[in-house]
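The residues making up each chain are set out below.
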Amino acid sequence: MIHALHSGLPGRRLLIAVAALGFLTSPATAQTKPPVPALEKTGRAYQLGLRKEVDAEMKKLRQDVLNLQRQRQQLTIRQYERREASLLRRRRNIELSARARVGRLNQARAKALRELQDEVVKIVKAISVEKGYTLVLLDQGNVLHHAPQYDITEVVLARLNKVMPKVELEIDPKKKPAPKR
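Note that the coordinates shown come from a computational prediction; the quantities given were computed from them, not determined experimentally. (Residues numbered from 1 in each chain as written. Predicted model: local features only at pLDDT ≥ 70, side-chain atom pairs only at ≥ 80, totals over all residues. Heavy atoms only, no water.)

**With respect to the overall build of the protein**
Step number 1: The number of helices and strands found in the protein is 4 helices and 3 strands.
Step number 2: Listing each helix as α and each strand as β along the protein from the N terminus yields β-β-α-α-α-β-α.
Step number 3: Here the contacts in the protein between residues at least 6 apart in sequence split such that 76% fall between residues at least 24 apart.
Step number 4: As displayed, the protein has an accessible area near 12,300 Å², and 54% of this comes from carbon and sulfur atoms. (Helix = DSSP H or I, 4+ residues; strand = E, 2+ residues; numbered from the N terminus. Contact = heavy atoms within 4.5 Å. Areas by Shrake-Rupley, 256 points an atom, 1.4 Å probe, with all protein chains shown as cover.)

Pasting the structure below:
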């Protein structure tokens, strides 16, 4: 929550931004929801899709390993070793591709959250100028009590939703998995 407090000095105001970014990850404290839940939902959907793809590829790979083991008696040692090595490379490529895609997802999440954070900071600064606050502090839960009229969370969230109604995860789908060897 973000709270604006009067400093007690005539003509001076104090704005305490309580966990200005903490509310982004737990919007339950606010009535107006920021775009983060949609962002996380998109990220989870991408992650689930990736997991399904990797599971399907690994299932095919396990089936190919079983087929190779069944054919072992009909193959020369050299043929068997080549096919086995090929299956091991395929497994490694699946793992490397999955790691790379998870890395791109994590980078996209971090970028989107940085954009949100930057926008929240701009909004809090704008509110502090508009209201004449002389000091802005970021506090991660150290406020024991505040008067409800100084809670500016809703104002910040409303402006954030106006400026950034939707936050997209920019995951570069053009990047292909590591080349197979």
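**Some details on the nonpolar core**
Note that soluble globular proteins tend to have their nonpolar side chains buried in a common cluster.
Step number 1: If you look at the biggest cluster of nonpolar residues, it comprises 18 residues, and the most contacted ones within it are Leu39, Leu116, Ile127, Val156, Leu160, Val167 and Leu169.
Step number 2: Counting residues per element, the ones that place at least two in this core are helix 3 (77-131) and helix 4 (153-163).
Step number 3: Counting residues per element, this core draws most heavily on helix 3, at 8 residues.
Step number 4: Listed in part, the 10 residues of the second largest apolar core include Leu50, Met58, Leu75 and Ala98. (Core = buried A, V, L, I, M, F, W, Y, C linked by side-chain atoms within 4.5 Å. Buried < 20%, exposed > 50% of the residue type's maximum accessible area, 1.4 Å probe, protein only.)

**Here's the deal with the pattern of salt bridges**
Step number 1: Under the criterion given, the structure shown has 7 salt bridges.
Step number 2: Among the ionic pairs, Glu53 bridges to Arg101, the shortest N-O distance being 2.8 Å. Here Glu53 is found in helix 2 (residues 36-70), whereas its partner Arg101 is found in helix 3, with 48 residues between them in sequence.
Step number 3: With a shortest N-O distance of 2.5 Å, Glu130 and Arg159 are connected by a salt bridge. With Glu130 in helix 3 and Arg159 in helix 4, this pair connects stretches of sequence that are 29 residues apart. (Salt bridge = Lys/Arg side-chain N within 4 Å of Asp/Glu carboxyl O.)

**A word on the confidence of the model for the protein**
Step number 1: Averaged over all residues, the pLDDT of the protein equals 77, while 68% of them reach at least 70.
Step number 2: Strand 2 (residues 13-18) is the least confidently modelled element of the protein, averaging 38 in pLDDT, while helix 3 averages 92, the highest of any element.
Step number 3: Low pLDDT (under 50) marks residues 5-32, which in the prediction has 83 contacts with non-local residues, meaning those over four places away or in another chain. (pLDDT = per-residue confidence, 0-100.)

**What about the packing of helix 3 against helix 4?**
Step number 1: It is the contact of helix 3 with helix 4, at a shortest axis distance of 10 Å, that shows an interaxial angle of 125°. On the basis of the axis angle, helix 3 is oblique to helix 4. When you trace helix 3 past helix 4, the crossing you get is right-handed. In this structure, helix 3 uses Leu116, Glu119, Val120, Ile123, Val124, Ala126, Ile127 and Glu130 to contact helix 4, whose residues at the interface are Val155, Val156, Arg159, Leu160 and Val163.
Step number 2: In terms of residue class, the contact of helix 3 with helix 4 is built from 10 nonpolar, no polar and 3 charged. (Axes fitted to C-alpha atoms, helices over the stretch in contact; angles between N-to-C directions. Parallel < 35°, antiparallel > 145°, perpendicular 65-115°, else oblique. Left-handed = near helix turned anticlockwise from the far one by under 90°. Nonpolar A, V, L, I, M, F, W, Y, C, P; charged D, E, K, R; others polar.)

**Quick word on helix 3**
Step number 1: Under the 1.5 Å per step criterion, the end-to-end length of helix 3 is 80 Å for 55 residues, consistent within 8% with the ideal 81 Å.
Step number 2: Looking one or two places after helix 3, you find Gly132, whose phi comes out positive at around 80°. (Expected span 1.5 Å × (residues − 1).)

**Comments concerning the environment of Val124**
Step number 1: Of note, Val124 is situated in helix 3.
Step number 2: Separated by 29 residues in the primary sequence, Val124 and Thr153 place their C-alpha atoms 9.6 Å from one another.

**Some points on the environment of Glu57**
Step number 1: Structurally, the position occupied by Glu57 is in helix 2.
Step number 2: Sequence separation of Glu57 and Arg90 is 33 residues, and the distance between their C-alpha atoms is 9.5 Å.
Step number 3: Discounting chain neighbours no more than four positions away, the residues touching Glu57 are Arg90 and Ile94.

**Here we look at helix 4**
Step number 1: Among all positions of helix 4, only Thr153, Val156, Leu157, Leu160 and Asn161 are buried. Summarising the axial view, the buried residues of helix 4 lie within an arc of 130°, below the 170-degree limit, and thus occupy one face. (Arc of directions from axis to C-beta.)

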